Amino acid sequence: MFANTKNLLKKAQRGKYAVGHFNINNMEIVQGIVQAAQNFKSPVILATSEGAIKYAGMNFLYEIANTAASLSKVPVALHLDHGRDMKVIKQAIKIGYSSVMFDGSNLPFEKNVRMTKKVVRMAHKKGISVEAELGTIGGVEDTVISRNIVYTDPIKAQEFVERTGCDFLAVAIGTSHGAYKFKGNATLDITLLKEIVKNVTVPLVLHGASEVPHDIVKMAEKYGAQLKGVKGVPDSEVRKAVRNGICKINTDTDLRIAFDAAVRQFLKKKPKDFDPRHILSPARDLITKVVEDRMKVFGSKKRG
Ligand code: G3H
Ligand code: 13P
Ligand code: ZN
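Below is a short write-up of the structure. These numbers were taken from a predicted model, which means no experiment stands behind them. (Residues numbered from 1 in each chain as written. Chains lettered and ligands numbered in written order. Predicted model: local features only at pLDDT ≥ 70, side-chain atom pairs only at ≥ 80, totals over all residues. Heavy atoms only, no water.)

1. Looking at the coordination of the zinc ion (ligand 3)
Point 1. Note on the zinc ion (ligand 3): its protein donors are His82 (NE2), His177 (NE2) and His207 (ND1). The metal-donor distances range over 2.1 Å.
Point 2. As a motif over one chain, the donors of the zinc ion (ligand 3) read H-x94-H-x29-H. Note that His177 is positioned in strand β8 (residues 176-177) and His207 in the loop between β9 (204-206) and α9 (214-222), a separation of 30 residues in sequence.
Point 3. Since its relative accessible area comes to 0%, His207 is described here as buried. (Donors = N, O, S within 2.8 Å, 3.2 Å for Na, K, Ca; no water. Helix = DSSP H or I, 4+ residues; strand = E, 2+ residues; numbered from the N terminus. Buried < 20%, exposed > 50% of the residue type's maximum accessible area, 1.4 Å probe, protein only.)

Okay, structure coming up:
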């Protein structure tokens with residue numbers, strides 16, 4: 001049984017912490033994340049992108065996540081990340097996700113309003129909550145290769161939430177997807193975030209928030225990864241964002257780098273071992289560690 005995402009985020013908003021959203025693609029990633037949530041008694045949101053669904057199939061990911069949720073003592077929600085394809089959104093609503101995101105950030109304002117409203121109507125009928133996005137988060141995603149960051153306009157955000165009835169809103173305050181987030185100073189526009197919070201009452205979401213941890217990048221590089229120029233969001237900036245009203249924080253890149261580093265290290269150290277269970281166990285364990293580190297920063301420990 002999945003937790004209700006809206007309830008998790010409303011509680012986080014009251015408690016001034018953020019719930020971690022972590023992207024999943026396979027069983028080991030799910031187990032690694034949920035282990036961390038259990039260890040820290042923290043709520044957690046598992047999220048599938050359209051790319052993940054294309055890779056593994058929605059039914060597989062749903063069932064893996066559902067099994068993890070049933071076995072767990074902490075609240076586990078399942079969320080559709082960056083939904084753009086109406087067919088996928090409808091399927092997620094039908095199968096019983098806790099929440100779906102409609103990402104109309106690449107659309108003109110009026111079309112984003114219209115489409116988001118449509119998804120809200122469909123989802124709310126089934127008690128499923130909806131995340132929407134206004135402004136654009138830069139970087140690389142599966143379906144959109146690269147975009148410039150267009151910061152969220154606080155006045156437009158208020159109008160957008162009122163007209164669409166969305167349950168939480170992803171805002172653009174300087175983050176971007178992927179491992180190459182900043183060329184210069186790694187800072188977020190906290191002044192803008194404060195303005196948005198004054199205008200919008202629904203919980204706010206921060207995408208593209210991976211830290212790109214230095215020690216894990218070094219580990220991956222030691223065993224052959226080429227990651228020159230990677231730069232994530234410093235923990236201090238994320239903490240500021242949480243203090244100023246961010247209630248849901250998305251992380252995918254950190255998990256990918258951890259998975260990659262652990263697999264590379266194992267294969268290099270044990271070239272004669274070809275058992276997939278041995279190869280993937282260290283990746284699962286390192287994901288647990290990375291998720292625990294994120295949860296410390298988000299303040300969600302003991303909130304489950
Ligand atoms: O926000 C994007 C996530 O990192 C998902 O990436 O579409 O390649 O699965 P993906
Ligand atoms: P990162 O690429 O910073 O991990 O962001 C992930 C994300 O926003 C998923 O929606
Ligand atoms: Zn995102």
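2. Remarks on the site of ligand 2
Point 1. Around ligand 2, a shell composed of 15 residues is seen, among which Asp81, Lys181, Ser210, Asp252 and Thr253 lie nearest.
Point 2. With respect to ligand 2, the backbone of Gly208 contributes an N or O atom lying 2.8 Å from an oxygen atom.
Point 3. Mapped by element, the contributors of at least two residues to the shell around ligand 2 are β1 (19-23), β3 (76-83) and β10 (246-251).
Point 4. The class makeup of the residues in the shell around ligand 2 is one nonpolar, eleven polar and three charged. (Near = heavy atom within 4 Å. Polar contact = N/O pair within 3.5 Å; in protein donor to acceptor, adjacent residues only side chain to side chain. Nonpolar A, V, L, I, M, F, W, Y, C, P; charged D, E, K, R; others polar.)

3. Comments concerning the pairing of β1
Point 1. In terms of residue burial, β1 counts as a mostly covered element, since five of its five residues are buried.
Point 2. Of the two faces of β1, both are covered, the one formed by Val19, His21 and Asn23 as well as the one formed by Gly20 and Phe22.
Point 3. Relative to β10, β1 runs parallel, the two being bridged by four bridges. Bridged to Gly20 within β10 is Ile249.
Point 4. Inspection of the sheet shows β1 paired to strand β2 (residues 44-49) by three bridges, in the parallel sense. (Pairing = 2+ DSSP bridges.)

4. Re the packing of aromatic side chains
Aromatic rings considered in pairs are described by the distance between their centres and by the relative angle of their planes.
Point 1. Per the stated rule, a full pass over the model turns up four aromatic pairs.
Point 2. Members of the aromatic cluster, connected to one another through ring pairs, are Phe2, Tyr62 and Tyr97.
Point 3. The ring of Phe109 carries the charged tip of Lys156 above its face, separated from the ring centre by 4.3 Å.
Point 4. One Lys or Arg, Lys301, reaches over the ring of Phe40 and ends 4.3 Å from the middle of that ring. (Phe/Tyr/Trp six-rings, centres within 6.5 Å; stacked < 30°, edge-to-face > 60°. Lys NZ or Arg CZ within 6 Å of the ring centre and 35° of its normal.)

5. Some remarks on the sheet that holds β10
Point 1. Strand order around the closed barrel formed by eight strands is β1-β2-β3-β4-β5-β7-β9-β10, with parallel pairing between neighbours. Adjacent strand axes in the sheet meet at a mean angle of 25 degrees when their direction is disregarded.
Point 2. Note that strand β7 (residues 168-171) and β9 share two bridges and pair parallel. Paired with Ala170 across the bridge in β9 is Val205.
Point 3. Running at roughly 170 degrees to strand β5 (residues 129-134), helix α6 (residues 109-125) makes contact with β4 (99-102) and β5 of the sheet.
Point 4. Of the strands in this sheet, β5 and β7 touch helix α7 (residues 154-164), which is tilted by about 150 degrees from β5. (Axes fitted to C-alpha atoms, helices over the stretch in contact; angles between N-to-C directions. Contact = heavy atoms within 4.5 Å.)

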